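The residues making up each chain are set out below.
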Amino acid sequence: MSALATLLRRDLGLLLPGGRGGAGVLPLLFFLAVAMLYPFAVGPDAQLLARTGGGVIWVAALLAAILPLEKLVSGDLEAGVFDQLALRGVAEEWAMLSRLVAHWLAFAPLLLVATLPAAALLGLSGETTRIVLLGLLAGTPGLAAVGLAVAALTASLRGGAALAGLMVIPLAVPILIFGAGTLARPDPSGLLLTAAISLGLCALAPLAAGAAIKAARES
């Protein structure tokens, strides 16, 4: 557990805004840029903005989660970090679990906070904003899990960053459907399904990503 805690601190230092990765703040800036530009694109119709704003926030969150993928795995794979961890007895699955937690902590809490000014810009009601926040809280772990698995699978490929972005979008569609669908349903079933999908993805992603890293190291 001490090795995992040390690895988590190292990953957080790499991925958090201001860290050595240098891209931690980009998802937040992208998210806010989408929220600011969308009203200019559709016009000043308050009812239209309020009706579509929640879905726009979800799409912006998905696209923002894609931005850190290039630096999520490939740099450490090229530098031999995972080889060193394997020599020290740290399995790839544990390393990917640490990276998953760090990835979520690096972008999701900031997006949740940024949702408040974004909701104000889009004219969302307090109740709609609350539902969007709960949906993102349930769905962003799944987005982080999908991103990690795809980043690991494409880390050793030429042009892997662009391929990863293209792969994440269709894989994240179920989360987007159920998460954004909570805005149209008065019952909490959409939130529960979103949370269930996220938990399943978080359980599977470290295993899939670890297997991909092991295959990339041995090839």
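All of these numbers come straight from a predicted model, not from anything done at the bench.

1. Digging into the overall build of the chain
- When helices and strands are counted, the chain shows ten helices and zero strands.
- Walking the chain from its N terminus toward its C terminus, one meets helices and strands in the order α-α-α-α-α-α-α-α-α-α.
- For 219 residues, the compact-globule estimate of 2.2 N^0.38 gives 17 Å, and the C-alpha radius of gyration of the chain, at 18 Å, lies within 12% of that figure.
- Over its C-alpha atoms, taken along the principal directions, the chain stretches across nearly 60 × 35 × 30 Å.
- Here the chain holds 219 residues, and the buried ones make up 45% of them.
- Within the structure as shown, the chain displays about 10,500 Å² of accessible surface, and the carbon and sulfur contribution to it stands at 71%.

2. Description of the nonpolar core
- One finds Phe31, Ile57, Val73 and Phe82 to be the most contacted residues of the largest nonpolar core, which totals 61 residues.
- Going through the elements one at a time, α1 (2-15), α2 (26-42), α3 (46-66), α5 (81-87), α6 (92-122), α7 (126-154), α8 (160-171) and α10 (189-218) are the ones with two or more residues in this core.

3. So, the confidence of the model for the chain
- Per-residue confidence for the chain averages 84 on the pLDDT scale, and 93% of its residues sit at or above 70.
- When mean pLDDT is compared element by element in the chain, α7 scores highest at 91, while α8 scores lowest at 75.

4. Quick word on α1
- Compared with the 20 Å implied by 1.5 Å per residue over 14 residues, the 20 Å span of α1 between its first and last C-alpha is a close match.
- Listing the buried residues of α1 in full gives Leu4, Leu7, Asp11, Leu12, Leu14 and Leu15. One side of α1 holds all its buried residues, which, seen down the axis, span an arc of 155°. Across from the buried face of α1, at angles greater than 90 degrees, the exposed residues are Ser2 and Arg9.
- The elements touched by buried residues of α1 are α4 (74-79), α5 and α6.

5. Overview of the packing of α6 against α10
- Running from amino to carboxyl end, α6 crosses α10 at an angle of 125°, the nearest separation of the two axes being 8 Å. On the basis of their axis angle, the class for α6 and α10 is oblique. The two elements α6 and α10 meet at a crossing, and its hand is right-handed. On α10, the residues touching Glu92, Glu93, Met96, Leu97 and Leu100 of α6 are Cys202, Pro206, Leu207, Ala209, Gly210, Ala211, Ile213, Lys214 and Arg217.
- Residue classes in the contact of α6 with α10 are distributed as nine nonpolar, one polar and four charged.

6. What to know about the environment of Leu191
- Here Leu191 shows up in helix α10.
- For Leu191, the residues in contact, after removing those within four places along its chain, are Ile131, Leu134, Gly135, Ala138 and Thr182.

7. Details of the pattern of salt bridges
- Enumeration according to the criterion identifies seven salt bridges in this entry.
- Where Asp11 meets Arg10, a salt bridge forms, and the shortest distance between an N and an O atom there is 3.5 Å.
- What makes Asp11 buried here is its relative accessible area of 0%.
- Across the pair Glu127 and Arg130 runs a salt bridge, and its minimum N-O distance is 2.7 Å. With a gap of three residues between them, Glu127 and Arg130 both fall in helix α7, about one helical turn apart.
- Taking the relative accessible area as the measure of exposure, Arg130 reaches 43% and is therefore partly exposed.
- Here the residues in one salt-bridge network are Arg10, Asp11, Asp76 and Arg99, joined through shared partners.

8. Topic: the environment of Thr182
- Structurally, Thr182 can be placed in the loop between α9 (173-181) and α10.
- For the pair Thr182 and Leu37, spaced 145 residues apart in the sequence, the C-alpha separation amounts to 24 Å.
- Those residues in contact with Thr182, other than ones at most four positions away along the chain, are Ile131, Gly190 and Leu191.
- Reaching out from Thr182, the side chain makes a polar contact with the backbone oxygen of Gly179 at a distance of 2.6 Å.

Basis of the calculations
Residues numbered from 1 in each chain as written. Predicted model: local features only at pLDDT ≥ 70, side-chain atom pairs only at ≥ 80, totals over all residues. Heavy atoms only, no water. Helix = DSSP H or I, 4+ residues; strand = E, 2+ residues; numbered from the N terminus. Rg over C-alpha atoms; globule rule 2.2 N^0.38 Å. Buried < 20%, exposed > 50% of the residue type's maximum accessible area, 1.4 Å probe, protein only. Areas by Shrake-Rupley, 256 points an atom, 1.4 Å probe, with all protein chains shown as cover. Core = buried A, V, L, I, M, F, W, Y, C linked by side-chain atoms within 4.5 Å. pLDDT = per-residue confidence, 0-100. Expected span 1.5 Å × (residues − 1). Arc of directions from axis to C-beta. Contact = heavy atoms within 4.5 Å. Axes fitted to C-alpha atoms, helices over the stretch in contact; angles between N-to-C directions. Parallel < 35°, antiparallel > 145°, perpendicular 65-115°, else oblique. Left-handed = near helix turned anticlockwise from the far one by under 90°. Nonpolar A, V, L, I, M, F, W, Y, C, P; charged D, E, K, R; others polar. Salt bridge = Lys/Arg side-chain N within 4 Å of Asp/Glu carboxyl O. Polar contact = N/O pair within 3.5 Å; in protein donor to acceptor, adjacent residues only side chain to side chain.

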